[in-house]
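Residues per chain are reported as follows:
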Amino acid sequence: MPYSTASVPTERPGRYIKQLVSHMGHKTTTEISGDGRGVITLKRGRCVLTPTGVAIEMIATAGDAESLEQVQEVVTRHLLRFATQEELAVEWSAPMGAEEMVIVDPLIGDYVTTQCTPPDEVLQELTAKTRETTGGSWTMQVSHDEGAFLTMLARMVGARQAVEVGVFTGYSSICIARGLAEGGRLLACDVSEEWTSVARSYWERAGVADRIDLKIAPAAETLRALPEERSIDFAFIDADKVSYPVYYEEIVRRLRPGGLVVLDNVFLGGRVVDPAYEEEHHVAVRALNDAIVADDRVESVMLSVRDGVTIARRL
């Protein structure tokens, strides 16, 4: 699904969006939120319009390039019709697809890693070891800033009982374990003896091995075998994406009030926003993202951290 953006300078962004949504509402499906964000849904695509202090920020999406051009043309034509007191300039960016998205600019990504508590020697060496031993799979390791984020979140909720689904080589396990309250335990779920053997050695070096219980088995089975009471304080999901809905459900039902579940890779490289991607893991994560927003058991926020991170807090 291609998309295109345009930033239209104007001192009347909110006014124009309201007029446009109201006018086009007679011909197509439209909506406008209390903060002024408008959505126009046409037969062949849609356009989202957001007011800023000095411009209208527009995002047009469609199923193919021809349809995208039609959405752009219709929205532009109607928008210019209302600009009787000024001359608006609408310049759309070249069409792009999910595969061309850069979720985090490399320069910003590098800067972020330097602007948080630096990783200690063990974490740095684990990163190097992971790159050496796992080939192209090394990208499954969380970044340093995300690891620091996990430590902070675990500490903030005073986590004593934590669960991790997807261990890989143990970087995130160390980060979570370090954030546990005194006497806290981390149940680490994975299916790989090979990669978790690396994790075990670095847990020892990091001084957290005595806080981690590794379970080598399908995580869904491990989670379903847990007691039904709501006793989990903190959970991190970063494993096979197809099973995300199962992991989420089994964990949320066991989260204590105020407990957190954190899900990694909820953007899937931008593919969750592109319906052209319909493989099983795309469909599963896309559906779960929508389900979490509608889940009245939690309050949630999705952050544009790395490949997307969702935090859901049990009510």
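The preceding data block contains the structure.
Only a predicted model underlies this, so the values are computations on that prediction, with no experimental measurement involved.

(A) Structural context of helix 10 (residues 280-294). Between its first and last C-alpha atoms helix 10 spans 21 Å; for 15 residues at 1.5 Å apiece the expected length is 21 Å, and the two agree. Every buried residue belonging to helix 10 is among His-282, Ala-284, Val-285, Arg-286, Leu-288, Asn-289 and Ile-292, and all of these are buried. Where helix 10 is buried, its residues meet helix 9 (244-252), strand 10 (255-264), strand 11 (298-303) and strand 12 (309-314).

(B) Geometry of the packing of aromatic side chains. In the structure shown here, the tally under the stated rule is 1 aromatic pair. Note on Phe-168 and Trp-195: the rings are 4.8 Å apart at their centroids and 85 degrees apart in plane angle, and the pair reads as edge-to-face. Of this pair, Phe-168 sits in the loop between strand 6 (161-165) and helix 6 (171-178) while Trp-195 sits in helix 7 (residues 193-206), and the two are 27 residues apart along the sequence. Seen from the ring of Trp-138, Arg-131 lies directly overhead, with NZ or CZ sitting 4.6 Å from the centre.

(C) Structural view of the pattern of salt bridges. What the rule picks out here adds up to 16 salt bridges. A salt bridge links Arg-12 to Glu-86, with the nearest nitrogen and oxygen atoms 3.1 Å apart. Here Glu-86 lies in the loop between helix 2 (65-82) and helix 3 (106-114) and Arg-12 lies in the loop between strand 1 (3-9) and helix 1 (13-24), a separation of 74 residues in the sequence. Here Arg-12 falls in the partly exposed class, since its relative accessible area comes to 26%. Taking the relative accessible area as the measure of exposure, Glu-86 reaches 23% and is therefore partly exposed. The partner of Arg-205 in a salt bridge is Glu-125, with the nearest N and O atoms 2.7 Å apart.

(D) Highlighting the packing of helix 1 against helix 2. The N-to-C vectors of helix 1 and helix 2 enclose an angle of 120 degrees; their axes lie 10 Å apart at closest approach. Considering the relative orientation of helix 1 and helix 2, their crossing is right-handed. Of the residues in helix 2, those touching helix 1 at Tyr-16, Gln-19, Leu-20, His-23 and Met-24 are Val-74, Val-75, His-78, Leu-79, Arg-81 and Phe-82. The class makeup of the residues in the contact of helix 1 with helix 2 is 7 nonpolar, 3 polar and 1 charged.

(E) Structural context of helix 5 (residues 144-156). In this model, helix 5 (13 residues) spans 18 Å end to end at C-alpha, consistent with the 18 Å of a helix rising 1.5 Å per residue. Among all positions in helix 5, only His-144, Asp-145, Glu-146, Gly-147, Leu-150, Thr-151, Leu-153 and Ala-154 are buried.

(F) Looking closely at the pairing of strand 5 (residues 55-62). For strand 5, the buried fraction is high: 6 of the 8 residues fall into the buried class. Both strand 1 and strand 5 contribute to a ladder of 7 bridges, which runs antiparallel. Note that in strand 5 the partner of Ser-4 across the bridge is Ala-60. Where strand 4 (residues 45-51) and strand 5 come together, 7 bridges link them in antiparallel fashion. In the strand pairing of strand 5, Thr-50 is matched with Glu-57. The turn joining strand 4 and strand 5, which pair antiparallel and follow one another in sequence, is formed by 3 residues.

(G) Broad picture of the pairing of strand 11. Bridge count for strand 11 against strand 12 is 6 bridges, and the pairing is antiparallel. Residue pairing in the sheet places Met-302 in a bridge with Thr-310 of strand 12. Counting the residues between successive antiparallel strands, the hairpin from strand 11 to strand 12 contains 5 residues, one of them, Arg-306, with a positive phi of roughly 50 degrees.

(H) Summary view of the sheet that holds strand 6. Read from one edge of the open sheet, 7 strands run 8-7-6-9-10-12-11, paired in mixed fashion. For this open sheet the edge positions go to strand 8 (212-216) and strand 11, each flanked by a neighbour on one side alone. Across the sheet, the axes of successive neighbouring strands diverge by a mean angle of 15 degrees, strand direction being ignored. Pairing geometry for strand 10 and strand 12, over 5 bridges, is antiparallel.

(I) Focus on the sheet that holds strand 1. If you trace the 5 strands from one edge of the open sheet to the other, you get 1-5-4-3-2, paired in antiparallel fashion. Each of the sheet's edge strands pairs with one partner strand only, and the pair in question is strand 1 and strand 2 (29-32). Ignoring which end each strand starts from, the neighbouring axes of this sheet average 15 degrees apart. With 4 bridges connecting them, strand 2 and strand 3 (residues 38-42) associate as antiparallel partners. The residue bridging Thr-30 from the neighbouring strand is Ile-40, located in strand 3. Across the sheet, helix 2 is in contact with strand 1, strand 3, strand 4 and strand 5; its angle to strand 5 comes to roughly 150 degrees.

The rules behind these values
- Residues numbered from 1 in each chain as written.
- Predicted model: local features only at pLDDT ≥ 70, side-chain atom pairs only at ≥ 80, totals over all residues.
- Heavy atoms only, no water.
- Helix = DSSP H or I, 4+ residues; strand = E, 2+ residues; numbered from the N terminus.
- Expected span 1.5 Å × (residues − 1).
- Buried < 20%, exposed > 50% of the residue type's maximum accessible area, 1.4 Å probe, protein only.
- Contact = heavy atoms within 4.5 Å.
- Phe/Tyr/Trp six-rings, centres within 6.5 Å; stacked < 30°, edge-to-face > 60°.
- Lys NZ or Arg CZ within 6 Å of the ring centre and 35° of its normal.
- Salt bridge = Lys/Arg side-chain N within 4 Å of Asp/Glu carboxyl O.
- Axes fitted to C-alpha atoms, helices over the stretch in contact; angles between N-to-C directions.
- Left-handed = near helix turned anticlockwise from the far one by under 90°.
- Nonpolar A, V, L, I, M, F, W, Y, C, P; charged D, E, K, R; others polar.
- Pairing = 2+ DSSP bridges.

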